[in-house]
Each structure stands twice: as structure tokens, then as C-alpha cells.
Amino acid sequence: MKNSMAIRFDLQPELRKRWLPILERQVDLTLAPLAGSLKSAKISFSTFKAEGDGELRYLCTLEGRGPDGSHIRFQARHRDGQTAIHDTAARARRAIARSRQQSAVGRLRTVAS
């Protein structure tokens with residue numbers, strides 16, 4: 001798919017080489033089937049030091065606009081970068097799929113009335 005869904009990727013420069021292919025693959029696997037439900041999206045991926053233990057953590061955020069123009073935002077933090085990416089994509093997919101189902105039920109009710 002290679003970014004055909006109008007998804008922009010924003011990574012810290014030092015993370016780009018290693019993590020961009022992983023982000024693109026996760027988008028292809030998880031979000032591509034729902035491409036029509038996203039007007040636009042941006043995925044940010046960065047690292048930060050956790051409070052308390054000072055361990056390196058990964059932060060993955062997906063922000064964008066749904067088909068009705070509503071703002072959407074999903075985020076995950078984790079010690080493992082792939083887990084942060086997967087969790088963010090999975091949360092987005094579940095929420096978008098749920099929204100599509102609710103819209104379909106609403107249309108069915110309208111037709112049945």
C-alpha cells in the first residue's frame with residue numbers, strides 16, 4: 001500500500017530507518033481495509049524516558065479525521081516499540097470498525113422506518 005491512504009508518518013530522525021518499514025507494514029495489515037473510513041491520518045512515533053525508573057519507552061499516536069470530519073486520536077506507550085505500534089493500530093481499527101457498524105445499523109433503521 002505504501003502510504004496510499006493519505007497517512008503521514010512523523011518519526012524522530014534517529015528512529016526513521018528502523019521503524020518506518022514496521023509502521024508501514026502495520027498500517028497495511030491493520031488499517032488498509034478501513035481506508036475509506038479515514039479522510040486523513042498522521043502517525044507519530046517517538047521515544048521518551050519514563051518517570052520514576054527512567055527507562056526508554058516508545059510512544060505511538062495516530063491522529064486524523066474520520067469520514068464525517070470528526071477528530072480521532074489513538075495512542076499507546078510501551079517498552080517495546082512494536083507493541084506500541086500494534087496497540088495503536090489495533091485500537092484505531094476496533095474503534096473505526098465499531099463506528100462503521102453503528103452507521104450501518106443507523107442506515108438500516110432509517111430504511112426500515
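Residues numbered from 1 in each chain as written. Predicted model: local features only at pLDDT ≥ 70, side-chain atom pairs only at ≥ 80, totals over all residues. Heavy atoms only, no water.

Considering the overall build of the protein
In terms of helices and strands, the protein carries two helices and four strands. Start at the N end of the protein and walk to the C end: the helices and strands fall as β-α-β-β-β-α. Each of the 113 residues in the protein was classed as buried or not, and the buried ones make up 36%. Contacts spanning at least 24 positions in sequence make up 49% of the contacts within the protein whose residues lie at least 6 apart. When the accessible area of the protein is evaluated, it comes to approximately 7,100 Å², of which 49% is carbon and sulfur surface. (Helix = DSSP H or I, 4+ residues; strand = E, 2+ residues; numbered from the N terminus. Buried < 20%, exposed > 50% of the residue type's maximum accessible area, 1.4 Å probe, protein only. Contact = heavy atoms within 4.5 Å. Areas by Shrake-Rupley, 256 points an atom, 1.4 Å probe, with all protein chains shown as cover.)

Remarks on the pairing of strand 4 (residues 71-78)
Looking at chain direction, strand 3 (residues 56-65) and strand 4 are connected through eight bridges and run antiparallel. Bridging across to strand 4, G64 finds its partner in I72. The antiparallel pairing of strand 3 with strand 4 creates a hairpin that spans five residues between the two strands, and G69 there sits at a positive phi of about 90 degrees. (Pairing = 2+ DSSP bridges.)

Quick notes on the nonpolar core
Counting residues in each nonpolar core, the largest one holds 24 residues, and the members touching the most others are F9, W19, L23, I43, F45 and L62. Among the secondary structure elements, those contributing two or more residues to this core are strand 1 (7-11), helix 1 (13-31), strand 2 (40-49), strand 3, strand 4 and helix 2 (81-112). With seven residues, helix 1 is the largest single contributor of residues to this core. L23 has contacts with F9, L11, I43, F45, C60 and I85, leaving out every residue within four places of it along the chain. (Core = buried A, V, L, I, M, F, W, Y, C linked by side-chain atoms within 4.5 Å.)

Notes on the environment of R57
With respect to the helices, strands and loops of the structure, R57 is situated in strand 3. Along the chain, R57 and H78 lie 21 residues apart, while their C-alpha atoms are 5.5 Å from each other. Ignoring sequence-local partners within four residues, the contact set of R57 consists of S46, T47, F48, A50, H78 and R79. Here D53 takes part through its side chain, which lies 3.4 Å from a polar atom of the side chain of R57. (Polar contact = N/O pair within 3.5 Å; in protein donor to acceptor, adjacent residues only side chain to side chain.)

A few points about the sheet that holds strand 3
Taken together, four strands build an open sheet; the order of strands is 1-2-3-4 and the sheet is mixed. Looking at strand neighbours, the two that pair on one side only are strand 1 and strand 4, the edges of this open sheet. With direction set aside, neighbouring strand axes in the sheet form an average angle of 15 degrees. In terms of strand pairing, strand 2 meets strand 3 through ten bridges, oriented antiparallel. Bridge assignment links F45 to a residue of strand 3, and that residue is C60. With respect to the sheet, helix 1 is in contact with strand 1, strand 2 and strand 3, its orientation differing from that of strand 1 by roughly 150 degrees. (Axes fitted to C-alpha atoms, helices over the stretch in contact; angles between N-to-C directions.)

Fair warning: the whole summary comes from geometry, so function is off the table for now.
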